[in-house]
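So the chains spell out like this:
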Amino acid sequence: MRDLFTADAGPLLINITLLAILFIVALAIARLRSLFAIVMLSGVYSLVSAAWYISVDAVDVGYTEAAVGAGMSTAVLLGAMLLTARTAKPEKPLSKLGPFLVCGATAAMLIYATVDLPGLGDPNSPANTGPGMTYVHVNWFDTGVPNVVTSVLASYRGFDTMGETVVVFVAGLAVAMLLGFGERSLAETLRNKKRKGKEGDAS
Amino acid sequence: MKSDHHVILRVIGKCFIPLIVIYGFYVQFHGEVGPGGAFQAGVVLAVAIILHSLTFGLATTMRAVPPVFARTLAAVGVLIYVGVGFWSMMQGGLFLEYQALFGEPPGGHDGQHAGIIIVELGVLFAVTGAMITIFYALAGRVAEIRDEDW
């Protein structure tokens, strides 16, 4: 009990609070039937997990989660939601028993696997002893860029990042080719507006 | 006017959009020293435009940022990135070897800085364009968000 009042208790409490919020939000998403609320709650989920990433010192990951997960995905899901019904069908009790068992077994295995994980910030963990440390040492002489993440991403692994950029481009292209570029609806809206304007003039 | 009941949303949106755009550019050009980079900055810029379309309607946004512009931007971004690779090849280096851009010896950093900045600009264009294109494709199927959906 005394451990609660030491200096380490602060980060621990923050972690517990954030993860508890994540758990509650996930439960709410699973139980809700209104798609609008689910989309908004998934944005909340991303935002809280971004805060949690920052509390475990993964600032870049947290930043991406906040920008892509909470900002972009929510907007895109909102757009997708408008194309379907607004509420999911209620389902019979016990109809999801099989998936529930599979999820439970996977969760148990994952929790069992976390026992072997190295501690947070452990200097002897594989991530801190392998090539990651080499980049930190040679980066300043090689590139002169203070942020190692940027120099690894854009310089050491520039080819990899080029692939990612092309993936993003191809994703946009594929969605646009499947769904159209959205211009037709613009023309339709303008036509409707014009028609409405004419009706307004007539009446 | 019919659309007056969204007036608070529109006024606040108007205030926020320039801030979001400035923040996006800050993340873009600060990526070398701080967290973040072109991927995040591109998404932030796209979100500013999406916020505009959510508050003012898709037709208004499509007049400000035409879909042709969005998809051209995405293609130009990829072209800029690949172009840096070919530029370094023409200078006698390997593909995307920034050190060769200005023919510096190891330890010179001008080529690295220039290469990273240009490449990140390409990523910014590609991500912004692709995200806006995706949003237009999805949102363009429904003309406007109806009032009962809010």
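Model, not experiment: these values are computed from the prediction.

Reading the values: the criteria
Residues numbered from 1 in each chain as written. Chains lettered and ligands numbered in written order. Predicted model: local features only at pLDDT ≥ 70, side-chain atom pairs only at ≥ 80, totals over all residues. Heavy atoms only, no water. Core = buried A, V, L, I, M, F, W, Y, C linked by side-chain atoms within 4.5 Å. Buried < 20%, exposed > 50% of the residue type's maximum accessible area, 1.4 Å probe, protein only. Helix = DSSP H or I, 4+ residues; strand = E, 2+ residues; numbered from the N terminus. Domains from an automatic or database assignment. Contact = heavy atoms within 4.5 Å. Buried area = accessible area lost by both parts, 1.4 Å probe. Salt bridge = Lys/Arg side-chain N within 4 Å of Asp/Glu carboxyl O. Polar contact = N/O pair within 3.5 Å; in protein donor to acceptor, adjacent residues only side chain to side chain. Nonpolar A, V, L, I, M, F, W, Y, C, P; charged D, E, K, R; others polar. Phe/Tyr/Trp six-rings, centres within 6.5 Å; stacked < 30°, edge-to-face > 60°. Axes fitted to C-alpha atoms, helices over the stretch in contact; angles between N-to-C directions. Parallel < 35°, antiparallel > 145°, perpendicular 65-115°, else oblique. Left-handed = near helix turned anticlockwise from the far one by under 90°.

Q: Where do I start with the nonpolar core in this structure?
A: Within soluble globular proteins, side chains that are nonpolar generally end up buried alongside one another. If you look at the biggest cluster of nonpolar residues, it comprises 45 residues, and the most contacted ones within it are Met72(A), Tyr98(B) and Tyr136(B). Elements with a contribution of two residues or more to this core: helix H3 (59-81) and helix H8 (158-179) of chain A together with helix H1 (7-30), helix H2 (38-56), helix H3 (58-64), helix H4 (67-90) and helix H5 (110-139) of chain B. Top element by residues in this core is H5(B). It accounts for 13 residues. Summarising the domain contributions, this core has at least three residues from each of domain 1 (1-88) and domain 2 (130-203) of chain A. The residues contacting Met72(A), other than those within four sequence positions of it, are Ala67(A), Val43(B), Ala46(B), Val47(B), Ile50(B) and Met131(B).

Q: Can you help me understand the interface of chain B and chain A in this one?
A: Accessible area lost during the coming together of the parts is what is often quoted as the interface size. Of the residues lining the interface, 59 residues belong to chain B; the matching set on chain A comes to 52 residues. Contact between chain B and chain A buries roughly 4,700 Å² in total, counting both sides, with carbon and sulfur atoms accounting for 73%. Applying the counting criterion to the chain B and chain A interface returns zero salt bridges. Joining chain B to chain A, the criterion identifies seven residue pairs in polar contact (both at pLDDT 80 or more). Secondary-structure elements contributing two or more residues to the side of chain B that touches chain A are H1, H2, H3, H4 and H5 of chain B. With 15 residues, H5(B) is the single largest residue contributor to the side of chain B that touches chain A. Here the side of chain B that touches chain A is built from residues that sort into 40 nonpolar, eleven polar and eight charged.

Q: Where do I start with the packing of aromatic side chains in this structure?
A: The description of an aromatic ring pair rests on the distance of the ring centres and on the angle between the ring planes. A full pass over the atoms with the stated rule returns eight aromatic pairs over all chains. Residues Trp52(A) and Tyr53(A) carry aromatic rings whose centres are separated by 5.8 Å and whose planes lie at 40° to one another, so their mutual orientation is tilted. In this structure Tyr53(A) comes out as partly exposed when scored by relative accessible area, which is 25%. An angle of 25° between the planes, with centres 6.0 Å apart, marks the rings of Tyr23(B) and Tyr26(B) as stacked. Residue Tyr23(B) and its partner Tyr26(B) are located together in helix H1, separated by three residues, close to a single helical turn. You can call Tyr26(B) partly exposed: its relative accessible area is 46%. A connected cluster of aromatic rings, assembled from ring pairs, spans Tyr63(A), Tyr23(B) and Tyr26(B).

Q: Help me understand the packing of H3(A) against H2(B), please; the structure alone is not making it clear to me.
A: Any two packed helices are characterised by how steeply their axes cross, that is the angle between the axes, and by the distance between the axes. One can describe the packing of H3(A) onto H2(B) by two numbers: an axis separation of 10 Å at closest approach and a directional angle of 30°. Relative to H2(B), H3(A) is oriented roughly parallel. Here H3(A) runs over H2(B); the crossing is left-handed. In contact with Asp60(A), Tyr63(A), Thr64(A), Ala67(A), Val68(A), Gly71(A), Met72(A), Ala75(A) and Leu78(A) of H3(A), H2(B) contributes Gln40(B), Val43(B), Val44(B), Ala46(B), Val47(B), Ile50(B) and Leu54(B).

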